[in-house]
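So the chains spell out like this:
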Amino acid sequence: MSGGEVAIDESWSVGGKPHGGYLLRSAVELALDEAHPHPLAVSAHYVSSPDHGVAAVEVERLRTGRRVASSRVRIGQGDAVRAEVLVSAGTLSAADPYWTSGLAPVELPPVEDCPRTPSVGPTGMRVGYFDHVDLRMDPASAQWAVGRPQGRAEVRGWMRRADGADASPLDVLVFADAMPPVTFDLGLLGWVPTLELTVHVRGLAAPGWLRVVQRATVLRDGWLDEECLIWDSAGHLVAQARQLAGYRLPEA
Amino acid sequence: MTAAAPMQPAVRQLELDDAWAYGAGVLHGGWLLETVTSIALESTGHPHPLAVSAHFVAAPGLGPAVVEVEPLREGRTVGSLRARLAQDGRPKVEVLVSAGTLPPAGSAPFLVDAAPPSLPAPEACLRHEMPADLPRNGILEHLEIRLDPATAGWTAGAFGGSAEVAGWIRPTDGRPLDPLLLLTVSDALPPVTFDLGIAGWVPTIELTVLLRCVPVDGWLRVVQRARSVHGGWLDEECEVWDSAGQLVAQARQLAGYKQP
């Protein structure tokens, strides 16, 4: 058992709550080692809502194999478990894939035609991580921000680190949980808490802007799935994520 | 639920037998996930798995095993648990379960942006059987799998190169469909790598299944596809639709392969 303490950087927070992707990144980092430097598959179940301050991260190495190191990571505050995370780590390749289904990267207008998503949203809520993650949404999928949801359950845009640095696999973990919820385009403006998030990081991202699309398949009984796909500037799929999250219908 | 459940870890001894195994004791990932999850659910007041994630740490063998369950939180709508299947003190499968109550069959979704795969009738599909020169596959003794001939050319040596396998699945042992069985079904089709001409074992390292509603009995339509085969790893995404046309499970796994 190893681990450490994470002092939660409030500049990432959303509406006064720590950002899930930021916490996930801080925890997963502690499960990596020299021979297994990259997260390959990360599964997080969010157990209770974290507060600001300090979180304890406990890492249990389950097995260290040649290709894969498996760990269980717990993010806790006091006696409460905030998130439980499983990490399979290894070494990612920057080579061309052996085979792909031919699924093309999501089509987007030129980045200069996509305005940057501000860290203060249309409802006045502060979404601090947009000071760290530079998101340029396709205006056609961001009409909800000006009161015109399109009912498409899809949001897409360009993403990179706000400091201009190239995205590491840990940054990609954050990006996989950084798009606004697709429910906004359905006119549901409430909070969409993630219950479960799995990210498969598939390759090292080439330098430059990443293309990100997030969509839902089914909204039913208060739960929706959101799939997030991320391609790099070379057109390679670098991450696939899916989450189960909660939504609420407005009171009738 | 009015009182908090006691947060006591539970320990269960069990014997892993070869009823659902392939060959001399290769245990099926989906079946292991169902086995561990069914034990984990005994430690919560919530009846159904909503989201289940497994990391396969090492391949378990036939014989005695221990499942330890640790409840993490018992909430009003969700119970969170972690569970571990271990043998000889070594973790083999580590599982996280978020449990709750699934909507009943027939309740109306708010939005569905997908359609079940279109398949020829079950009787026009190819019954999936092991070739005589390969070992038995226990899963085929419990599930009837009928493959869409359009995605099963590889069974006759003609590779489609589309990395998609689709077909019908139903239990043959008289067991009614339930959310737990969907965990096994989500990993029951032959690996899509066969369609790419990549032979050999495709060990799962991670498998997550989202359950979306209680299934109705009858044939399930199941489709599995890959998007990228890269650097020794591939994704396999699986959708399960029931006979009432409801999306009942969504799964994705990361698995290894050996490049030919």
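Counting restarts for each chain, with residues numbered from 1 along the sequence as it is written. Chain labels run from A onward and ligand labels from 1 onward, assigned in the order the entries are written. Local features in this predicted model are restricted to residues of pLDDT 70 or higher, and side-chain atom pairs are both shown and tallied only at a pLDDT of 80 or more, whereas totals for entire chains, interfaces and linings draw on every residue.

Draft legend 1. Structural context of the overall build of chain B. Segments assigned H or I by DSSP are reported as helices when at least four residues long, segments assigned E as strands when at least two residues long, and all are numbered from the N terminus. Along the backbone of chain B there are two helices and 14 strands. Against the globule reference of 18 Å for 260 residues, chain B gives a C-alpha radius of gyration of 18 Å, in line with a compact fold. For the C-alpha atoms alone, the extent of chain B along its principal axes is close to 60 × 45 × 35 Å. Put simply, a residue is buried when 20 or more other C-beta atoms lie within 10 Å of its own C-beta and exposed when 12 or fewer do; between those, it is partly exposed, and each C-beta is set from the backbone. Out of the 260 residues in chain B, the part that is buried amounts to 52%. Contacts here follow a simple rule: the backbone-placed C-beta atoms of the two residues must lie within 7 Å. Pairs at least 24 apart in sequence give 71% of the contacts found in chain B among residues at least 6 apart. Computation of the radius of gyration draws on C-alpha atoms alone. For the globule rule, the value is 2.2 Å times the number of residues to the power 0.38.

Draft legend 2. Fine view of the domain arrangement of chain B. All names here are of chain B. Each domain's extent was defined by an automatic or database domain assignment. The domains assigned to chain B are domain 1 (1–101) and domain 2 (116–260). Here the C-alpha centroids of domain 1 and domain 2 sit 22 Å apart. Across the boundary between the two partners, domain 1 contributes 24 residues, which contact 21 residues of domain 2. Listed by contribution, the elements that provide at least two residues to the side of domain 1 that touches domain 2 are helix H1 (29–40) and strand E2 (48–56). By residue number, the principal contributor to the side of domain 1 that touches domain 2 is E2, which donates nine residues. Residue composition of the side of domain 1 that touches domain 2, by class: 13 nonpolar, nine polar and two charged. Just so you know the grouping, Ala, Val, Leu, Ile, Met, Phe, Trp, Tyr, Cys and Pro go in nonpolar, Asp, Glu, Lys and Arg go in charged, and all remaining residues, Gly too, go in polar.

Draft legend 3. Representation of the nonpolar core in the model. Nonpolar core, as used here: buried Ala, Val, Leu, Ile, Met, Phe, Trp, Tyr and Cys residues forming one set through C-beta atoms within 7 Å. Counting 160 residues, the largest nonpolar core has Val85(A), Val172(A), Phe175(A), Ile230(A), Val36(B) and Val95(B) as its most contacted members. Sequence-distant contacts of Val95(B), defined by excluding residues within four places in its chain, comprise Leu33(B), Val36(B), Thr37(B), Ala40(B), Val52(B), Ser53(B), Ala54(B), Arg82(B) and Ala83(B).

Draft legend 4. Region of the structure containing the environment of Arg61(A). All names here are of chain A. Looking at where Arg 61 falls in the secondary structure, it is placed in strand E3 (residues 54–64). Classification of Arg 61 as partly exposed rests on a count of 15 C-beta atoms within 10 Å. Along the backbone, Arg 61 and Val 87 are 26 residues apart, and their C-alpha atoms lie at a distance of 9.4 Å. Filtering out sequence-adjacent residues up to four positions away, Arg 61 remains in contact with Ala 69 and Ser 71.

Draft legend 5. Here's a closer look at the interface of chain B and chain A. With 45 residues of chain B at the interface, the matching set in chain A holds 45 residues. Of the residues belonging to the side of chain B that touches chain A, the class tally is 24 nonpolar, 11 polar and 10 charged. For two strands to count as paired, DSSP must find a minimum of two bridges between them. Strand direction decides the pairing type here: strand E6 (residues 99–100) of chain A and strand E12 (residues 228–230) of chain B, joined by two bridges, are antiparallel. Each residue of the ladder has a partner; that of Trp99(A), found in E12(B), is Val229(B).

Draft legend 6. Representation of the pairing of E2(B). Residues and elements named next belong to chain B. The buried fraction of E2 amounts to eight of the nine residues, a majority that puts the element mostly inside the structure. Two strands pair when backbone bridges link them, and E2 and strand E5 (residues 90–100) are joined in this way by eight bridges, in the antiparallel orientation. Each residue of the ladder has a partner; that of Ser 53, found in E5, is Leu 96. Of the strand pairs in this sheet, E2 and strand E10 (residues 204–211) are connected by five bridges, and their pairing is antiparallel. Paired with His 55 across the two strands is Glu 206, which belongs to E10.

Draft legend 7. Representation of the pairing of strand E8 (residues 154–161) of chain A in the model. Residue and element names in this part refer to chain A. Counting buried residues in E8 gives six out of eight residues, a clear majority hidden from the surface. By the bridge criterion, five bridges tie strand E7 (residues 133–137) to E8 in an arrangement that is antiparallel. Pairing of Val 133 across the sheet is with Arg 161, part of E8. The pairing of E8 with strand E10 (residues 210–215) spans six bridges and is classified as antiparallel. Considered in E10, the bridge of Glu 154 is made with Arg 215.

Draft legend 8. Region of interest: the confidence of the model for chain B. All names here are of chain B. The pLDDT value expresses, per residue, how confident the predictor is, ranging between 0 and 100. Scored by pLDDT, chain B has a mean of 92; 96% of the residues are at 70 or more. Between residues 1–6, whose pLDDT stays under 50, and residues either more than four places distant or in other chains, the model counts eight contacts. The ipTM for the predicted assembly is 0.95, set against a pTM of 0.95.

Draft legend 9. Summary view of the domain arrangement of chain A. Residue and element names in this part refer to chain A. Each assigned domain of chain A is listed here: domain 1 (1–91) and domain 2 (107–252). With 22 residues of domain 1 at the contact, the number on the domain 2 side is 21 residues. Sorting elements by how many residues they give to the side of domain 1 that touches domain 2 places strand E2 (residues 38–46) first, with nine residues. Looking at the side of domain 1 that touches domain 2, its residues break down into 11 nonpolar, nine polar and two charged.

Draft legend 10. Quick look at unusual backbone geometry. Residue and element names in this part refer to chain A. Notably, Ala 153 is not glycine yet its phi reads approximately 55°, a positive angle. Inspection of the secondary structure puts Ala 153 in the loop between E7 and E8. Positive phi outside glycine occurs at Asp 221, with the angle close to 55°. The exposure class of Asp 221 is partly exposed, given the 19 C-beta atoms found within 10 Å.

Draft legend 11. Representation of the environment of Ala54(B) in the model. All names here are of chain B. Residue placement: Ala 54 occurs in strand E2. Remark: the alpha-carbon pair of Ala 54 and Ile 205, spanning 151 residues in sequence, is separated by 8.1 Å. Every residue in contact with Ala 54, bar those within four places of it in the chain, is listed here: Leu 33, Val 93, Glu 94, Val 95 and Leu 207.

Draft legend 12. Spatial organisation of the environment of Ala251(B). Residue and element names in this part refer to chain B. Along the chain, Ala 251 falls in strand E14 (residues 247–256). With 25 C-beta atoms packed within 10 Å, Ala 251 lands in the buried category. A sequence separation of 68 residues divides Ala 251 from Leu 183, and the C-alpha atoms of the two residues are 8.6 Å apart. Aside from chain neighbours lying at most four places away, what touches Ala 251 is Ser 186, Asp 187, Leu 207, Thr 208, Val 209 and Cys 238.

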